[in-house]
Every structure is written in C-alpha cells, then in structure tokens.
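# Summary of the model geometry
Next come the chains, spelled out residue by residue.
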Amino acid sequence: MQFKKEIAEAIKETLKQFKVKTDKTKIEAELKPPPAPALGDFAFPCFSLAKSFKKNPTDIAKLLRDAIRKTKNFDKIDASGPYLNFFIEKTRLAAETIKQVLKEKQKYGRGQNKIGRVMIEFPSPNTNKPLHLGHLRNMAIGESVARLLEATDNKVIRANLNNDRGVHICKSMLAYQKFGRNKKPDKKTDHFVGDYYVRFAKELEKNSKLQDETQALLVKWENGDKKTIALWKKMTAWAIDGFKETYKTFGIKHDITYFESSLYDKGRNIVNDGLKKGVFQKRADGAILIDLTKDGLDEKILLRADGTAVYITQDLYLAKLKNDKFNLDGSIYVVGSEQEYHFKVLFLILRKLGFKFAKNLKHLSYGMVMLPEGRMKSREGTVVDADDLIEEVRQLAEKELTKRYHLPTKELKSRGLKIALAAIKYHFLRPDVGKTITFNPKESISFDGNTGPYILYAYARAGSIIKKSNRRIAVLKIFSVNQEERNLINKISELPQTVLAGAREYNSAPIANYVFDLAQIFNAFYHQCPVIGSDNESLRLNLTNAFRQTLKNALYLLGIETIEEM
Ligand code: ARG
C-alpha cells in the first residue's frame, strides 16, 4: 500500500539522522492498524529500537515524532506510549484503498514470499476403502496452502500418492475373492471396494485364519501371480476412479500422481546403498534397520527379514524421485499428526544419507477430526465416509435454501453443493491446523454463525446492492467517511499482510479469521449505511464493489467459491 510505503520511507530517513540503519520492508511489515481507530491508521512499535537508541521505547517514540514532524507532511503523528501513530486523511485513505482493489481485481492481496518450486502432497489415500472425514480436512488444507503459496510468488506442484500395495489392500481383495463372486460395482466404485474391506473385518471375527491368507495373497502379489495382479488391478482402478469423483466434487486436481506399487521396489535400492555406506545395519535375522537411539528416536526397520518392504521404504525413494524430477525448493507432506514420528524418522534418515534436499522437506501435520458424540463411526464401524458427509451437509443446505426460495431442482442442487463445500472447508480451515476438531454438520451449515454460509451470505448481499444499482458506473467521489465505512476500508486494506502471514506459516487460519471479520464488518456497514440514493452513494457503491472483490479473493485462498445469490 502506498501509505505504508510513505510512512516506512519517512521512518527510515528519520532513523538515518540518528545513524540507525533499517530495512524499509521490515518497517512496512511492522506497521499495523492501532487497536482503536481513534488512535490513528498505522502504528509503528518502537521496542526493537531500544538497543540502538539506548533509550526506552516511549522516549524513542517522542523523539521520532518530533523529528518526523519537522520534515514530513503527515496529517497527524502521535506518540502513544511506545508506539508512533500515523493519521492519514480519511478520504485519501479510502480512495487509495478502493482504487487499488478495483484496479488489481483478482490479484489484490497477492504478495512476495518466494520459496521457489514447491510440491504439496495430499491427500494420499490407501486404495482399500473410500476417503473419510480426515481426508476432507486434508484436502481443504492442502488446496488452501497450495493457493496461498501461489499467491505469494511460488510455483506449486500438487501431488498425490496412492498407497496401493500391502496387506491392507489384500484384505479387500481377499473378501471380494471369497464373497464377491465377480460382482460388478452397483454403487460409487470406491465405496464398493470399501464394502469388502468392512466385510473382511467381519469375517475375520469368525475365522482368524483369514489374516494369514492375506499375507499369502501379498506374497502372491509380490511374485506377480497373474490372477492376483488382475484382481488387484481391477479393484485399485475402482478405488481410484471413485476418489477422482470426490476430488472433482471437492475442487482439487493433481499435477502428478504416484503409486506405492511402483515405488516400493526402488526404495529397496536406497536401503541397500545405505547399508553399504554403513548408515544402516543388518540384524541377525536379515532385517535391515537404522539405529536412531542417539538422536532420541528408536531403531527403525527399513526392510523386513523376509525382504518385504515397509511403509517407509517407498518414502525414501519417493522423496528423491520428487526432487529429481521437479528440482524442488520445498516439499510439503499434508498428513495427519499420527504420522509425525514417521516423518521425523524419514527426514532424519534422508539427511544421514546425505541428500541435500532433505532440508526442504516439511510435514504439514493436522489434527484428527471427530464427529459429535455418538456419531464417531458409521453403522458398520468404519470411519465416516467423505462422500456421505458432503451429501449430508448438502441436504442441510438445500433445506435452508427451500425455506427461503423456490428454486428449480438443478439450481437448488448446485447452490446446495457450493454452500455445503463452503461450510465444510471453512469449518476445517478456521481452527489451527494442529488442533483436534469436532465436525458438527448442523453447526457448520448455519447461516448466521461463524460459518462458511454466513460469509457467502454477506457476499451475496453485497451483490444484490450492486444489482439494484443497475451496475451504473460510479465515479469515485468521496465527501466524508463515517465509522462503518472506515472500518470496512481498514479491513479491506489488511488482506495483503494477512496473506503473507498465512503463507509464511503454511497456515490458512489467518485467512479464515479474516474473511469472517470482513463479512461481519460489512454486515455492520450494510445495516448502518444505506447505499443507493444516499448522499455518499459513490463511495458506498465503490466500497461495496471493493468489498466483494476482496472477499472473493480471500475465499479463493480457502478454496471456497462464491455464489451470487443465497
Ligand atoms: N496413505 C497414507 C495413509 O493413509 C498416507 C501417505 C502419506 N504420504 C507419504 N508420502 N507417506 O496413512
């Protein structure tokens, strides 16, 4: 923003007089709106200067105030405790902000936090059952962080890993072999596969020998037994086709997809190399492991005694593969917090093996998702299914909509889905990423709480004002700025710094909190300030437009689509 630049410039020059060197961008980043509007438009904290000045921050603030007053022409500068407060003429502030938003349009809010080429892996499911509740949080986070990084000057590569090998896959396969009788899917194909996974668990209660049979099936699979491979191909394709539908509904798309089935074998080479290098060791029974006790971790098996690969075997190779192919400056894994140990061990091993890229790896760990009591699991005892949950929330949204309007079925369905996705995504992105959360479908869909629909509603409201104005081109003329207008302008001007804060921490929560504040402040404006036909119509129409653009841009970063009417 222009004002911040001006202020930062003035502070920098003044500090120079005192022989204190600083960086303009650093000053700019420290400029924040004071806690109350009456205190000014931008506050600069003087704490960090105490050392260079050998004075307390309160005295520094006074000193700087007097020095700046002598040379620069601001509307007003105050020293308030340890802060230096700047006032900018209200109409000028309003005009600059609104003009900037309307000029930059969908680019408004973007900033610079360059890492370079960054891969984000999500949601990386197992192909033995459909996506569940946790995957919804995973996808919301993955897509949002991808967009945040894109908005701050990075090239993002969205990756997915299908864990399509192993004994868990053989469970669904075995149940289908025994009880499926070559039946074709009669429902969404990943759900069809998942039914056999559930069936396996049930049958296992009656017959514990089935466990050994899955092991035998895995050996057959690893040996390339034709019938087993054909069955595996058929069922994995069903699972993956089903996932793709859910990805599409949810609005995510991958640039590259990896398959454990084609990685695990190559991981073996890395393990053998590590053994030669002496980083790993062989146990008496033939298993290969690494001893991490000196690093405060445990011994970790990398290949079993029978030579079969474990979960981490694929990851050793995959990390290298990703980096070799894309020459990455960053590589992020969006995976639940229960795998923190796994990634700690993985990253440490890669460092010990001497891979330079190991320092660029990050586990973006998120907390578990629960449902309100009594609803933790579905009837079959499986975790709650992602598609079912989206459908449940969509129906709740439709119910809300039918209370208000008479909509053609097609419109009702499409609007219902958009509202449901906004509800779900917002609910998952608002809390800090590491927190365990409870997903309450009813609460998430409420039109007047701290929810996605509440925010979409504010957007639609603003849209109806614009519509009523006949979209007449309103030349921006500002005569005065009242408190509600000013609050809205200030909030709008905070998007760029919020985006930067989110991107730096790979955290969407600041954006989620921002959209809620923004919507609330708009609603207060909406109730207090008539727009059309008012004396200040030009400012208010333009401000409403700028609000819509700002909210749309911020929602985009959460992966949430706006709708024109609600
Ligand atoms: N498929 C695994 C699971 O569902 C997550 C994989 C995470 N990614 C990885 N590279 N290990 O638990």
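About the thresholds
- Residues numbered from 1 in each chain as written.
- Predicted model: local features only at pLDDT ≥ 70, side-chain atom pairs only at ≥ 80, totals over all residues.
- Heavy atoms only, no water.
- Helix = DSSP H or I, 4+ residues; strand = E, 2+ residues; numbered from the N terminus.
- Buried < 20%, exposed > 50% of the residue type's maximum accessible area, 1.4 Å probe, protein only.
- Contact = heavy atoms within 4.5 Å.
- Near = heavy atom within 4 Å.
- Polar contact = N/O pair within 3.5 Å; in protein donor to acceptor, adjacent residues only side chain to side chain.
- Areas by Shrake-Rupley, 256 points an atom, 1.4 Å probe, with all protein chains shown as cover.
- 1 Å grid on protein atoms, 1.4 Å probe; cavity = no way out; pocket = protein on both sides within 12 Å on 5 of 7 lines; lining within 4 Å.
- Sits in = over half its atoms within 2 Å of the grid points.
- Salt bridge = Lys/Arg side-chain N within 4 Å of Asp/Glu carboxyl O.
- Points joined across faces, edges and corners; volume = space filled by probe spheres on them.
- Expected span 1.5 Å × (residues − 1).
- Pairing = 2+ DSSP bridges.
- Axes fitted to C-alpha atoms, helices over the stretch in contact; angles between N-to-C directions.
- Core = buried A, V, L, I, M, F, W, Y, C linked by side-chain atoms within 4.5 Å.
- Phe/Tyr/Trp six-rings, centres within 6.5 Å; stacked < 30°, edge-to-face > 60°.
- Lys NZ or Arg CZ within 6 Å of the ring centre and 35° of its normal.

Right, let's talk about the overall build of the protein chain for a bit. Counting its regular elements, the protein chain contains 21 helices and 13 strands. The dimensions of the protein chain, computed from C-alpha atoms along their principal axes, are 85 × 65 × 40 Å. Taken over 566 residues, the protein chain has a buried fraction of 53%. Considering only intrachain contacts with a sequence separation of at least 6, the fraction spanning at least 24 residues in the protein chain is 74%.

Attention shifts here to the site of the ligand. Around the ligand lies a shell formed by E121, S124, P125, N126, L161, N163, Y311, D315, Y333, V335, Q339 and F343. Within the side chain of E121, an N or O atom sits 2.7 Å from a nitrogen atom of the ligand. Between the ligand and the protein, one listed contact pairs a nitrogen atom with a side-chain N or O atom of N163 at 2.3 Å. In isolation the ligand has 350 Å² of accessible area, and contact with the protein removes 87% of it. Structurally, the ligand is housed in the largest pocket. Those elements that provide at least two residues to the shell around the ligand are helix 12 (311-326) and strand 10 (330-336).

Right, let's get into the pattern of salt bridges. Evaluation of the coordinates by the stated rule reveals 37 salt bridges. Measuring nitrogen to oxygen at the nearest pair gives 2.9 Å for the salt bridge that ties R283 to D285. Look at the salt bridges and you will find they share partners, linking E143, R147, E150 and R158 into a network.

To continue, consider the layout of surface pockets. For the largest pocket, the calculated volume is near 930 Å³. Elements represented by at least two residues in the lining of the largest pocket include exactly helix 6 (133-150), helix 7 (167-180), helix 9 (210-222), helix 12, strand 10 and strand 12 (369-370). Its boundaries defined by the atoms lining it, the second largest pocket holds a volume of some 700 Å³. K4, E28, P496, Q497 and L500 are, among the 26 residues lining the second largest pocket, the residues nearest its centre. For the lining of the second largest pocket, the elements supplying multiple residues, two or more each, are helix 1 (2-17), helix 2 (24-30), helix 5 (90-104), helix 18 (483-493) and helix 19 (495-505). Here the lining of the second largest pocket gets five residues from one element, more than from any other, and that element is helix 19.

If a probe as big as a water molecule is rolled over the atoms, it shows which places are left empty. Counted under the stated rule, the structure contains three cavities of 30 Å³ or more. By volume, the largest cavity amounts to about 60 Å³. Contributing to the lining of the largest cavity are I141, V145, F428, L429, P431, V433, Y506, N507, S508 and A509. The set of elements that each furnish at least two residues to the lining of the largest cavity consists of helix 6 and helix 15 (409-429).

The periodicity of an α-helix, 3.6 residues per turn, causes residues three or four places apart in sequence to face the same way. The end-to-end C-alpha distance of helix 5, which contains 15 residues, comes to 21 Å, matching closely the 21 Å that a straight helix rising 1.5 Å per residue would cover. When we look at burial in helix 5, the residues that qualify are T91, L93, A94, A95, T97, I98 and V101. Elements that come into contact with the buried residues of helix 5 comprise helix 1, strand 1 (42-45), helix 18 and helix 21 (537-557). Looking one or two places after helix 5, you find K105, whose phi comes out positive at around 50°.

Read from one edge of the open sheet, five strands run 6-5-4-10-11, paired in parallel fashion. Each edge of the open sheet is held by one strand with a lone partner, namely strand 6 (256-259) and strand 11 (361-366). Adjacent strand axes in the sheet meet at a mean angle of 25° when their direction is disregarded. The pairing of strand 4 (residues 117-121) with strand 5 (residues 155-162) spans five bridges and is classified as parallel. Bridging across to strand 5, M119 finds its partner in I157.

A separate point is the nonpolar core. I120 and L136 are the most contacted members of the largest nonpolar core, which totals 94 residues. Broken down by element, the residue count for this core peaks at ten residues, all from helix 15. Once residues within four sequence positions are removed from consideration, I120 is found in contact with G142, V145, A146, L149, V156, I157, R158, A159, I332 and V334. With 57 residues, the next largest nonpolar core counts I256, I290, L297 and V345 among its residues.

Applying the stated criterion across every chain, the model contains 19 aromatic pairs. With centroids separated by 6.1 Å and ring planes inclined at 40°, the aromatic side chains of F522 and Y526 adopt a geometry described as tilted. Here F522 pairs with Y526, and both are found in helix 20 (residues 509-528), just four residues apart, close to one helical turn. Judged by its relative accessible area of 30%, Y526 is partly exposed. Judged by centre distance (4.1 Å) and plane angle (5°), the ring pair of F522 and F547 falls under stacked. Placement of F522 in helix 20 and of F547 in helix 21 is noted, with a sequence separation of 25 residues between them. Its relative accessible area of 0% is what places F547 among the buried residues. Feature note: the residues Y176, F192, Y196 and W238 constitute an aromatic cluster, connected by ring pairs. One cation-aromatic arrangement involves R404 over Y457; the distance from NZ or CZ to the ring centre is 5.9 Å. For R415, the ring lying beneath its charged end belongs to Y405, and the centroid distance is 5.7 Å.

Bear in mind that shape data such as this cannot, by itself, settle questions of function.
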